Amino acid sequence: MAALSNFSFSLSTSPLTFVSSSKTLKLLTSLTKQPFFRLKSRAFAANCSLHSASATTNPPTAQVETFWQWLRDQKVVSPKSPIRPATVPEGLGLVAQRDIAKNEVVLEVPMKFWINPDTVAASEIGSLCSGLKPWISVALFLIREKKKEDSPWRVYLDILPECTDSTVFWSEEELVELQGTQLLSTTLGVKEYVQNEYLKVEEEIILPNKQLFPRPITLDDFLWAFGILRSRAFSRLRGQNLVLIPLADLINHSPGITTEDYAYEIKGAGLFSRDLLFSLRTPVPVKAGEQVLIQYDLNKSNAELALDYGFIESKSDRNAYTLTLEISESDPFFGDKLDIAETNGLGESAYFDIVLGRTLPPAMLQYLRLVALGGTDAFLLESIFRNTIWGHLDLPVSRANEELICRVVRDACKSALSGFHTTIEEDEQLLQGGNLDPRLRIAVGVRAGEKRVLQQIDEILKERELELDELEYYQERRLKDLGLVGEQGDIIFWEPK
């Protein structure tokens, strides 16, 4: 049991963190206790809600019609276009004007109507933004154009929501409902990041150039632009990692569409043209009058969907919890462990997403066993085992090592569960009751999902603990390989000749 003194563990509401140490075993819990999260009477905002990339507080019909007419005047669409913008349950969306076949192109937007870093570079503030992060330059452009009455983008900006149901827009009272979740710490981290970037760009770009920014730009403006880009910008495109596509960005998400094929692409405008088009297809057949939908991302968890778009799904595999494992620099075997981790594609820190209903990631137990390795098991860290140790870690090393990682992870899960102010049963009653504010439904769904994953991890390792006496460890496997132990674990003796 000597290895126990070489392993410690810390936990916060951000991803779980395992820290190896030569000190004693510790379990630290850092729950949300800041005055910022004092519990108040619930007052959930209902004036700004988004269920995909469109706000439920819709722009006036006249503004939508003006936008549609502008697109027609600019030849982006024709009267025979298969889709048009319309009010839908999610807010604004794209509705079929006729029956549309699967994989049929429903929209093509020329490059001159995109908003991306190239658009910014060609604008009046282009030279100022040349050294900025792409999203910051586009954010500044959006804010500046929004404050200009004569902006050429006015009709597009007028239909954009003032906020979304992304958690970055939630009030203090609303964020209280995320207490204990990883989503809360992620949201606060994102908001702090945006604020820091704003303060920096205000000092270096906005204030020294008031002639180009005649109207004040606030942190709220900057957060608005961040939320718009987070929820509406297209990525994973040829040569375009951040681009807003007017009209195309009204496309909403459907959990029922499960194809991993992207419904959009960038392609050439023609055989002899150097122009580019953004092409949008429907992945499924659509009847006239129905909404055209796509799948935003099959791999995002509910927490990520809530942060990016302001909605969640009921599918169990959208619930996830991130474990962060770490080799501490204070570990006496830090250098050897780090070398082994890096040799196998990991590092000083490793992140593992645990998904509800799925098995633990295979490399997670290997990394855990490596982090906990010490005492009489430390011989496996010697250079002679360097090329084979990862394979050895795929199986239990010793009872002490396996018992340690089970106990520490289970304690951490229980500690994380104690950080929530409701039980799963209470959350399920709220969800079944219905009539919840959209943001409260998101909060309850995310925290219930995280609790289920934590319980799942605890159950897996609880079962592992019950098997400790039956598992085969390194020494037994090694003796079998040498022919010194039989298949039933009996020691083999040889009679002298």
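Cut-off values and rules
Residues numbered from 1 in each chain as written. Predicted model: local features only at pLDDT ≥ 70, side-chain atom pairs only at ≥ 80, totals over all residues. Heavy atoms only, no water. Helix = DSSP H or I, 4+ residues; strand = E, 2+ residues; numbered from the N terminus. Buried < 20%, exposed > 50% of the residue type's maximum accessible area, 1.4 Å probe, protein only. Contact = heavy atoms within 4.5 Å. Areas by Shrake-Rupley, 256 points an atom, 1.4 Å probe, with all protein chains shown as cover. Core = buried A, V, L, I, M, F, W, Y, C linked by side-chain atoms within 4.5 Å. Axes fitted to C-alpha atoms, helices over the stretch in contact; angles between N-to-C directions. Left-handed = near helix turned anticlockwise from the far one by under 90°. Polar contact = N/O pair within 3.5 Å; in protein donor to acceptor, adjacent residues only side chain to side chain. Phe/Tyr/Trp six-rings, centres within 6.5 Å; stacked < 30°, edge-to-face > 60°. Lys NZ or Arg CZ within 6 Å of the ring centre and 35° of its normal. Parallel < 35°, antiparallel > 145°, perpendicular 65-115°, else oblique. Nonpolar A, V, L, I, M, F, W, Y, C, P; charged D, E, K, R; others polar. Pairing = 2+ DSSP bridges. Salt bridge = Lys/Arg side-chain N within 4 Å of Asp/Glu carboxyl O.

### Some points on the overall build of the chain
The secondary structure content of the chain amounts to 16 helices and 12 strands. For the chain, the proportion of its 497 residues judged to be buried stands at 52%. For the chain, the share of sequence-separated contacts (at least 6 apart) that also reach a separation of at least 24 residues comes to 69%. Within the structure as shown, the chain displays about 23,600 Å² of accessible surface, and the carbon and sulfur contribution to it stands at 51%.

### Points about the nonpolar core
Residues Phe67, Leu107, Leu140, Leu142, Phe222, Leu247 and Phe278 are the most contacted members of the largest nonpolar core, which totals 86 residues. Listed in part, the 40 residues of the second largest apolar core include Phe352, Leu356, Cys406 and Ala416.

### As for the packing of helix 14 (residues 424–433) against helix 15 (residues 438–466)
Where helix 14 meets helix 15, the closest approach of the two axes is 9 Å, and the angle between their N-to-C directions is 145°. In this structure, helix 14 meets helix 15 at a crossing whose hand is left-handed. Of helix 15, the residues touching helix 14 (which contributes Ile424, Asp427, Glu428, Leu430 and Leu431) are Arg441, Val444, Gly445, Arg447, Ala448, Lys451, Arg452 and Gln455.

### Let's talk about the side chain of Asp331
Position of Asp331 relative to the elements: it lies in the loop between strand 11 (320–326) and helix 10 (334–343). At 2.7 Å, the side chain of Asp331 forms a polar contact with the backbone nitrogen of Phe333. A distance of 2.9 Å separates the side chain of Asp331 from the side chain of Lys337, its partner in a polar contact.

### Quick notes on the packing of aromatic side chains
According to the stated counting rule, one finds 16 aromatic pairs in the structure shown. Seen from their ring centres, Tyr264 and Phe278 are 5.8 Å apart, and the 25° between their planes marks the pair as stacked. One end of the pair, Tyr264, is in strand 8 (residues 264–268); the other, Phe278, is in strand 9 (residues 276–281), and 14 residues separate them in sequence. Residues Tyr264 and Phe278 agree in their burial class; the two are buried. Seen from their ring centres, Phe379 and Tyr474 are 5.7 Å apart, and the 55° between their planes marks the pair as tilted. Taken as a pair, Phe379 in the loop between helix 11 (362–372) and helix 12 (389–393) and Tyr474 in helix 16 (residues 474–481) lie far apart in primary sequence, 95 residues in all. Overall, the relative accessible area of 8% leaves Tyr474 in the buried class. Grouping aromatic residues by their ring pairs yields a cluster made of Trp135, Tyr193, Tyr198, Phe222 and Phe226. Above the face of the Trp224 ring, Lys146 is positioned so that its terminal group lies 4.0 Å from the ring centre.

### Thoughts on the packing of helix 7 (residues 182–206) against helix 8 (residues 219–232)
Interaxial distance between helix 7 and helix 8 falls to 10 Å at its minimum, and their mutual angle equals 120°. On the basis of the axis angle, helix 7 is oblique to helix 8. As for the relative orientation of helix 7 and helix 8, their crossing is right-handed in sense. Mapping the contact onto sequence places Val190, Val194, Gln195, Glu197, Tyr198 and Val201 in helix 7 and Leu219, Phe222, Leu223 and Phe226 in helix 8. When the residues that make up the contact of helix 7 with helix 8 are grouped by side-chain class, the tally is 8 nonpolar, 1 polar and 1 charged.

### Examining the environment of Trp70
Assignment of secondary structure puts Trp70 in helix 1 (residues 61–73). When neighbours within four sequence positions are excluded, Trp70 is seen to be in contact with Phe113, Pro152 and Val155.

### What to know about the pairing of strand 9
Summarising burial for strand 9: 6 of the 6 residues are buried, a large majority. Side-chain alternation along strand 9 places Leu276, Phe278 and Leu280 on one buried face and Leu277, Ser279 and Arg281 on a second face that is also buried. Pairing analysis gives 5 bridges linking strand 6 (residues 105–110) to strand 9, with the strands arranged antiparallel. Across the sheet, residue Leu107 finds its bridge partner in strand 9, namely Leu280.

### Remarks on the pairing of strand 4 (residues 83–88)
Two faces make up the sheet, and in a regular strand the side chains alternate between them. Pairing of strand 4 with strand 5 (residues 91–96) involves 6 bridges; the strand directions are antiparallel. Bridge pairing in strand 5 links Ile83 to Ala96. Hairpin connection between strand 4 and strand 5: a loop of 2 residues separates the two successive antiparallel strands.

### What to know about the pattern of salt bridges
Summed over all chains, the structure comprises 30 salt bridges. Note that Glu104 and Arg98 form a salt bridge whose closest N and O atoms lie 2.6 Å from each other. According to the relative accessible area criterion, Glu104 is partly exposed, its value standing at 22%. According to the relative accessible area criterion, Arg98 is partly exposed, its value standing at 35%. Across the pair Lys267 and Glu108 runs a salt bridge, and its minimum N-O distance is 2.7 Å. Linking Lys267 in strand 8 with Glu108 in strand 6, this pair joins segments that are 159 residues apart in sequence. A residue is classified by how much of its surface remains accessible, and Lys267, at 26% relative accessible area, is partly exposed.

That is the geometry; function is a separate question.
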